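Coordinates in review
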Number of protein chains: 2
Amino acid sequence: MKVLILGAAGMIGRKLLESIARDGTLGGKRVDEAVLSDVVLPAVPAGLPFACSASQDDLPAPGVVERLIGGRPDVIIHLAAIVSGEAEADFDKGYRINLEGTQRLFDAIRLAHGASRPGEGYFPRVIFSSSIAVFGAPFPDRIGDEFFTTPLTSYGTQKAIGELLLADYSRRGFFDGIGIRLPTIAIRPGKPNKAASGFFSGILREPLNGQEAVLPVSDQVRHWFASPRSAVGFLHHAAAIDTSRLGARRNLNMPGLSATVAEEIEALRRAAGDKAVALIRRESDPVIEKIVAGWARDFDTTRALSLGFTADRDMDAIVEAYIDEELGGKRPQF
Amino acid sequence: MKVLILGAAGMIGRKLLESIARDGTLGGKRVDEAVLSDVVLPAVPAGLPFACSASQDDLPAPGVVERLIGGRPDVIIHLAAIVSGEAEADFDKGYRINLEGTQRLFDAIRLAHGASRPGEGYFPRVIFSSSIAVFGAPFPDRIGDEFFTTPLTSYGTQKAIGELLLADYSRRGFFDGIGIRLPTIAIRPGKPNKAASGFFSGILREPLNGQEAVLPVSDQVRHWFASPRSAVGFLHHAAAIDTSRLGARRNLNMPGLSATVAEEIEALRRAAGDKAVALIRRESDPVIEKIVAGWARDFDTTRALSLGFTADRDMDAIVEAYIDEELGGKRPQF
Ligand SMILES: NC(=O)c1ccc[n+]([C@@H]2O[C@H](COP(=O)([O-])OP(=O)(O)OC[C@H]3O[C@@H](n4cnc5c(N)ncnc54)[C@H](O)[C@@H]3O)[C@@H](O)[C@H]2O)c1
Ligand SMILES: NC(=O)c1ccc[n+]([C@@H]2O[C@H](COP(=O)([O-])OP(=O)(O)OC[C@H]3O[C@@H](n4cnc5c(N)ncnc54)[C@H](O)[C@@H]3O)[C@@H](O)[C@H]2O)c1
């Protein structure tokens, strides 16, 4: 099987490749070749158990998707995007990458499909990473599987449009698409970034690394999480699932964990003790408080669960995943 | 006030112009100029109480929307579209007119807005005619205001995307948009067409004109209707409404009438007698039965009603509107 990963230099893309490399499979199927693409040249790790190439590509630039689809990948995992804050700050850039890039990708697949003889048509599995940003407040305490999409950011709008295109192109038989709406991924590895949601990861990650973290909101703030490990698991499952079980409704809220900041802190305490917790400095920020108040807190993901998607058991599992993957399994000692 | 009507040669566009002409107002405000645009050159009726010009334009063609927006209309009523059947039969044409055309229009307004000095920005009201085709079966018996959009046609997909763009461009302050999801318009005047929904109008219109009509489905089929008169009323109200009452949720299910085929027939009987009803020939068509089984039957439109949109009282009002507007107020005699 040949796999194309778009946005492969990103956080989830890199974790996905690591996980495919572990036993050479994606969704239980043997991978023969992985093609990596990103506007930042993706690193090709040494010693992979399959062929792997990487290219530096601006997704919506002329010819890019045609070249990538020309290689006829069996599974296409579309992770390339600019995130919420940047898409809000730069209107043209967000629409160009998140909408036009996605549209061009889907169209290149459609045209490749059409070029084939009937019954022999090119018909890849396409996995689209959507987001809970397709929802906008006000919403119910738990958002159900049939709640409407009224995004309050351009990023969320672009993801919602990508979902609609994915469903229509799948319905028409151009490809076999599935859209997965990821929860906020925590603990995001690496350096703190400026995303308004950054503290959800930061208050765990920084103390686990012996550093101070700032908490700008109240302990009672509730949000919706999945670990990078779960996100990678969703992608494996989305690659393997029998999409006839989806019918025409190809976009799914992924399962996750609804937890408060206080619950994060208690999980940190269990994993690393009071001294780690003492590294969290409370410094309330009304701007961030306000943004976060408009975010989804909880979901009823009956549909995805019944389709076999699984998420983190509790906040301890989310902390554990970070310690395993980023700290070599070693709990920090203070 | 200057009004631009896109798709002005269509059924609703012509009825809208007639109604604006009646007392020279749209949504209670005086119209000084109407600009009509359509790929079929719109007729300019004689004796209008305001300036009126018309041009033959292919909406997504280069330069078209820029020229039309260059005239800085205060209200833009976007009715141009190819309908469901054609967008399904011709994938490229549907996406080109219904999606790309809409996107280009919104972008031309955005760029015109941006070209203005702050506080003096060009900021028109934009009314987008969407459709209940944004919904796809299975759905509840009554679709509520927060039900999700899972279209089962490319046309419905294109309308749902137009709605998302309208909401995002409005949220960012480029224009003041409102999307109205029209019920199936009946009685559609003119000749029978090949739309699968055509019989809903045909079984009333043909007998009212002394002609035979074919009914391809059972009497118990239920659907969601509004008269052309109501549709025009929605547009007037959408032009006048205080959009701050909409918040970020700019797209609304319009009110309508949920009625069965049997109820249509009884209204015909009341208006034109048994001889008119006898002109309906039952000839069941399993293909049409199947298509229609996937259509929405009823809506709970609390939100639009509370915002002051109003629809037809009953099926008699729908028949009455046709007799008034198309038969010069004369009930047919048999
Ligand atoms: N991390 C989360 O919390 C989260 C939540 C919901 C959805 N998602 C979505 O999942 C996907 C992956 O998330 P991530 O956390 O790995 O994000 P990331 O930002 O780490 O990775 C995205 C990648 O896309 C690449 N990219 C940006 N512009 C590009 C262009 N013009 N051409 C090609 N590539 C381009 C970036 O270089 C980056 O490597 C994204 O689509 C994101 O929107 C992430
Ligand atoms: N009539 C209904 O039952 C109904 C229901 C829901 C939504 N709508 C929507 O309401 C709007 C008006 O409906 P209608 O019944 O008057 O439809 P219509 O088909 O009578 O009018 C649409 C007009 O758009 C024009 N058009 C098509 N392609 C064009 C192009 N490339 N450039 C410019 N103009 C183009 C057509 O020439 C036509 O005059 C449409 O957007 C339709 O999708 C109608």
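Quick caveat: nothing in here was measured; it's all calculated off a predicted structure.

1. Observations regarding the overall build of chain A
Regarding its fold elements, chain A presents eleven helices and 14 strands. Rg of the C-alpha trace for chain A: 20 Å, near the compact-globule value of 20 Å for 334 residues, within the 12% margin. Along the first, second and third principal axes, the C-alpha set of chain A runs to 65 × 45 × 40 Å. Burial statistics for chain A: of 334 residues in total, 57% are counted as buried. Considering only intrachain contacts with a sequence separation of at least 6, the fraction spanning at least 24 residues in chain A is 77%. For chain A, the exposed surface amounts to about 13,600 Å²; the carbon and sulfur share of it is 52%. With 39 positive and 42 negative side-chain charges, chain A shows a separation of 3 Å between the mean positions of the two kinds.

2. Focus on the site of ligand 1
All names here are of chain A. Among the 27 residues in the neighbourhood of ligand 1, the closest are listed as I12, D38, D58, Y155 and R188. D57 places a polar main-chain atom, nitrogen or oxygen, 3.3 Å from a nitrogen atom of ligand 1. A81 has a polar backbone atom sitting 3.3 Å from an oxygen atom of ligand 1. Computed on the free molecule, ligand 1 has an accessible area of 810 Å², of which 88% lies beneath the protein chains in the complex.

3. Observations regarding the side chain of D38 of chain A
Residues and elements named next belong to chain A. The residue D38 is located in strand β4 (residues 33–38) in this model. Salt bridges are absent for the buried D38, whose nearest opposite-charge side chain, R14, sits at 7.6 Å. Filtering out sequence-adjacent residues up to four positions away, D38 remains in contact with G7, A8, A9, G10, S55, Q56 and D57.

4. Comments concerning the pairing of strand β7 (residues 125–131) of chain B
All names here are of chain B. The buried count for β7 comes to seven of seven residues, which makes it a mostly enclosed element. Neither face of β7 is exposed, since R125, I127, S129 and S131 on one face and V126, F128 and S130 on the opposite face are all buried. Note that strand β6 (residues 75–78) and β7 share four bridges and pair parallel. Across the sheet, the residue bridging to I76 is V126, located in β7. By the bridge criterion, seven bridges tie β7 to strand β8 (residues 176–182) in an arrangement that is parallel. Bridge pairing in β8 places F128 opposite G179. Handedness of the β7-helix α5 (residues 154–171)-β8 crossover: right-handed.

5. Overview of the site of ligand 2
All names here are of chain B. For ligand 2, the set of nearby residues contains 26 residues, the closest of which are I12, D38, D58, Y155 and R188. For ligand 2, whose unbound accessible area comes to 810 Å², protein coverage reaches 88%. Of all elements in the fold, only α1 (11–23), β7, α5 and β9 (184–185) reach the threshold of two or more residues within the shell around ligand 2. It is β7 that provides the largest number of residues to the shell around ligand 2, a total of three residues. Of the residues in the shell around ligand 2, the class split is 15 nonpolar, six polar and five charged.

6. A look at the interface of chain A and chain B
Across the contact, 34 residues belong to chain A and 34 residues belong to chain B. For the pair chain A and chain B, the summed buried surface comes to about 2,800 Å²; carbon and sulfur atoms form 55% of the total. At the surface where chain A touches chain B, the tally comes to six salt bridges. Taking the shortest distance from any N to any O, the salt bridge between R171 of chain B and E88 of chain A comes out at 2.8 Å.

7. Observations regarding the sheet that holds β6 of chain B
All names here are of chain B. The parallel open sheet is built from seven strands, whose spatial order is β5-β4-β1-β6-β7-β8-β12. At either end of the open sheet lies a strand with only one pairing partner, and these are β5 (51–56) and β12 (251–253). Geometrically, the sheet is characterised by an average inter-axis angle of 15° between neighbouring strands, direction not taken into account. Relative to strand β4 (residues 33–38), strand β1 (residues 2–6) is paired through five bridges, and the arrangement is parallel. Bridged to V3 within β4 is A34. Each of β1, β4, β6 and β8 is contacted by α1, which is oriented at about 160° to β1, the strand it contacts most. Along the sheet face, helix α4 (residues 91–114) touches β1, β6 and β7 and points at about 170° away from the line of β6.

8. Regarding the relation of the copies chain A and chain B
Relating the two copies of this chain is a rotation about some axis coupled with a shift parallel to it. It takes a turn of 180° to lay chain A on chain B, together with a shift of 0.0 Å along the axis; the resulting RMSD is 0.0 Å. Such values leave the two copies arranged in the relation of a two-fold axis. Identified as the residue of chain A closest to the rotation axis by C-alpha distance is F148 of chain A, at 2.0 Å. A symmetric contact is evident, with 100% of the interface residues of chain A recurring at the interface of chain B.

9. A look at the sheet that holds strand β11 (residues 222–226) of chain B
Residues and elements named next belong to chain B. Spatial ordering of the open sheet is given by β9-β11-β13, a layout of three strands whose pairing is mixed. Looking at the sheet topology across the chains shown, the edges are occupied by β9 and β13 (257–260). Note that β11 and β13 share four bridges and pair antiparallel. For R222, the partnering residue across the bridge sits in β13 and is T260. Along the sheet face, helix α8 (residues 261–277) touches β11 and β13 and points at about 90° away from the line of β13.

10. Re the pattern of salt bridges
Enumeration over the complete set of coordinates arrives at 62 salt bridges over all chains. E163 of chain A is the partner of R181 of chain A in a salt bridge, and the nearest nitrogen-oxygen pair spans 2.7 Å. Linking R181 of chain A in strand β8 (residues 176–182) with E163 of chain A in helix α5 (residues 154–171), this pair joins segments that are 18 residues apart in sequence. With respect to burial, R181 of chain A and E163 of chain A carry one shared label: buried. A salt bridge links E326 of chain B to K15 of chain B, with the nearest nitrogen and oxygen atoms 2.2 Å apart. Residue E326 of chain B is located in helix α11 (residues 315–326), and its partner K15 of chain B is located in helix α1; the two are separated by 311 residues in the primary sequence. Counted as one network, the salt bridges with shared partners bring together K15, R229, D324, E325 and E326 of chain A.

Cut-offs and rules
- Residues numbered from 1 in each chain as written.
- Chains lettered and ligands numbered in written order.
- Predicted model: local features only at pLDDT ≥ 70, side-chain atom pairs only at ≥ 80, totals over all residues.
- Heavy atoms only, no water.
- Helix = DSSP H or I, 4+ residues; strand = E, 2+ residues; numbered from the N terminus.
- Rg over C-alpha atoms; globule rule 2.2 N^0.38 Å.
- Buried < 20%, exposed > 50% of the residue type's maximum accessible area, 1.4 Å probe, protein only.
- Contact = heavy atoms within 4.5 Å.
- Areas by Shrake-Rupley, 256 points an atom, 1.4 Å probe, with all protein chains shown as cover.
- Lys, Arg positive; Asp, Glu negative; His and termini not counted.
- Charge placed at Lys NZ, Arg CZ, Asp CG, Glu CD.
- Near = heavy atom within 4 Å.
- Polar contact = N/O pair within 3.5 Å; in protein donor to acceptor, adjacent residues only side chain to side chain.
- Salt bridge = Lys/Arg side-chain N within 4 Å of Asp/Glu carboxyl O.
- Pairing = 2+ DSSP bridges.
- Right-handed = clockwise from strand over helix to strand, strands pointing away.
- Nonpolar A, V, L, I, M, F, W, Y, C, P; charged D, E, K, R; others polar.
- Buried area = accessible area lost by both parts, 1.4 Å probe.
- Axes fitted to C-alpha atoms, helices over the stretch in contact; angles between N-to-C directions.
- Least-squares fit on C-alpha atoms with pLDDT ≥ 70 in both.

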